[in-house]
Structures are given as structure tokens and as C-alpha cells.
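An overview of the molecular structure
Now for the letters of each chain:
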Amino acid sequence: MKNLVLSLALAAMCGSLPALAENDERRFPNDHLSKRWMEYEQNTGGNHVRSYFFNDTVSVEEMTAAFYKYKDTQFKKSPYACADSVVYNVIRGSNLLLSSPLRCHADEQLQGMRGVWSWGTNRFTLMELHDKNGNPQPRLLKKVKEKLAKSKDWQEGDFVALRFPQHYMGFIVSPRISVVSYNSSSRMVGGSSTVRCHADFFSYASFCNTLDGDWQSKVHSGAALLGKCLTFYTNFTSEATPERSFSVLLYQTPESSNQEKEYTLKLLLPEQPDKETENAFISMKTFVENLRHNAYNPFYTADFRLMTGRYYHVTVNKCGWLVKDYMTL
């Protein structure tokens, strides 16, 4: 009787296999990363914006020097300090305006002011004025608005803004940028943006869900996913692996368009690594040099340059790899 029940149970299980196969994508292991890569590619772009406004790149030497100078620095000033900002609305967030109309205004008093702007399809409006100490200037704002009602010529042109800029080793950066063009009537006549770009593939594919935040809110989970991939796809760790910690610069190689290795690593700390640290670094470097092209989106800097580097603090031991981005340390 028991054999009969077992046979019936096996038959039922075998009969259900085709039905399970139809929903195989939901079962483990699934091809989550490949699917996320396809989505990530669709959201990556902005080459025309880069070539027109950002035609200079932060060098590896400058990124390296910035690490040793700022690795222990906690930036207390807001990345918006001493610069104009743009406010869409609560949902679309704030932006750092890199090309402020105030900087080229004929009135020298306005050139030293910080403006808060609102822009959209049918308007480009100065909402607030602050002096260098952050104090509001309502009287001056009223005076400016009266002049604007007569002539808006100085608000005409292309305006570039960084979305949710962040401090990063002395740079102010964002992978998301907007360019909006206005005519002499302050009406939008064109625009382009990379507002759907993430910092990198790992940030996009990470399982982090946030109700508040933008691209920067997934940098931490993206670095953690990079560590998990290193654990899964490399054979470096074992029960005998001693714990080591080191810091690296991941960057896009200048000649990447002519070779398969688009990204590589540079060891920043320790400056005199032992053999085990060197082996761990080489293992991570091999993994990075086999990443797909465009796995990292460039950061746009507040001084109109492209920054292709990432600063990581890495710990590896018998349990695997733990990667942290210095932006979140």
C-alpha cells in the first residue's frame, strides 16, 4: 500500500513538471542580472550631451591625488552651496545649475548672488535670491523681477544642471544631468537629459528599494552587489583565506574603445601591500577587466568634466567579499 501511495505521489510530481517549467523564470536560479542588464542599457545614454558640454575628463592622476587628499574628509557644506539651484517640484527633486544667468548679468550685485530657479515647458523663473552667506534678499528679488517683466534677454540660452549632486573626493558629481534651452521669452525650445541613468549597473540591479532618494540612495547597495558578484564569480575565497582590506580606484581605461578591457583597477591603499593583499587585488582586477562595456556611467562634475572613476574600500575573508563605496562611508 505504501508503494502504491509513493508511486501515485511520484506520478503526480512528474505530471506537474511541465507546469513548473512554464514558470521557470520565477524559480531559483533565475537570470535576474541578465534581465536587469537589458533594462539598464535602455536607461543609459546622453553621449550627445557629453560631447557638447563635457569634453574634458578627470585624469587618473588627478583622481588618485584626490583620494589621498580627501579620503578622510567629511564634507559639511551642501553641494548646492555658493551655486544656483533649480527646483522642479517635490517629486522631480533639486538640481545644481551649472550655467547661471546671474553670473553674466550686467548688474555686478547680482553676479555674487545665489539664485533658486523654477523651470518647465513654459517658464524659467527666478524664485529666490540669497547672498554669499545664505541670507534671503527679497527686496533685490522684487527689483530683478520688475526688470524681467520688461526684458528677459539675459535668461536666453542653454542651461545645464546636475540632478542631486554629491560630494566625492573633492568633486561635486552626478550621473544625471539636464540641459534645457530657452528663448528670449523664457520659453523652452529644446532639452535633453540623462535623468534615468544610474551610477552603474550594480546600483541599478541591486535589490534596494527606497521611498526617498535618487541615484545616490542606491550607491551603497550597488557596491554590496559588486561584492556579492565577486564572491560568486571568483574562486579566491576559501576556508584558508586570511582577512585583508584595501582601497582601490576603479576607472575606465583611456584606450577602452580599442580593446576588450574597458575598466581596470588601481591599488591606492596599502601603499606597500603584502602578498595576500596583492593576490586579492589581482583577483578583483581580473573580474573588473571582464565587465561588460558601459557597466559604469560617467559622473558629470560641477566644473564641466567627466569623471569615470569609483573609489572602493574592499574587505575579503573566508566568508567572501565586502565592497563599500567611499561616497557612502
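Just so it is clear, the structure is predicted and the values come from calculations on it, not from any experiment. (Residues numbered from 1 in each chain as written. Predicted model: local features only at pLDDT ≥ 70, side-chain atom pairs only at ≥ 80, totals over all residues. Heavy atoms only, no water.)

1. Quick word on the sheet that holds strand 7 (residues 171-174)
Basically, it comes down to this: Only strands that DSSP links by at least two bridges are regarded as paired with each other. For the purposes of this entry, the term helix denotes a DSSP run of H or I that reaches at least four residues, the term strand denotes a run of E that reaches at least two, and both are numbered from the N terminus.
Spatially, the 4 strands line up as an open sheet ordered 6-7-12-13, and their pairing is antiparallel. Of all the strands in the sheet, just strand 6 (166-168) and strand 13 (306-307) have a single pairing partner and so form its edges. Across 3 bridges, strand 6 lies against strand 7 in antiparallel orientation. Within strand 7, the residue paired with Gln 166 across the bridge is Val 173.

2. Some points on the pairing of strand 2 (residues 94-97)
In terms of strand pairing, strand 1 (residues 84-87) meets strand 2 through 4 bridges, oriented antiparallel. The partner of Ser 85 across the bridge, within strand 2, is Leu 96. As paired elements, strand 2 and strand 5 (residues 157-163) share 3 bridges and run antiparallel to each other. Across the sheet, the residue bridging to Leu 97 is Ala 161, located in strand 5.

3. Brief notes about the environment of Val 316
We count it as follows: Note on contacts: a residue pair is in contact if any heavy atoms of the two residues lie within 4.5 Å.
Mapped onto the elements of the fold, Val 316 is located in strand 14 (residues 310-317). For the pair Val 316 and Phe 236, spaced 80 residues apart in the sequence, the C-alpha separation amounts to 9.2 Å. Once you skip the residues sitting within four places of it in the chain, Val 316 turns out to touch Phe 236, Thr 237, Pro 242, Glu 243, Arg 244, Phe 246, Ala 280 and Trp 321.

Function cannot be inferred from these measures alone, as they are strictly geometric.
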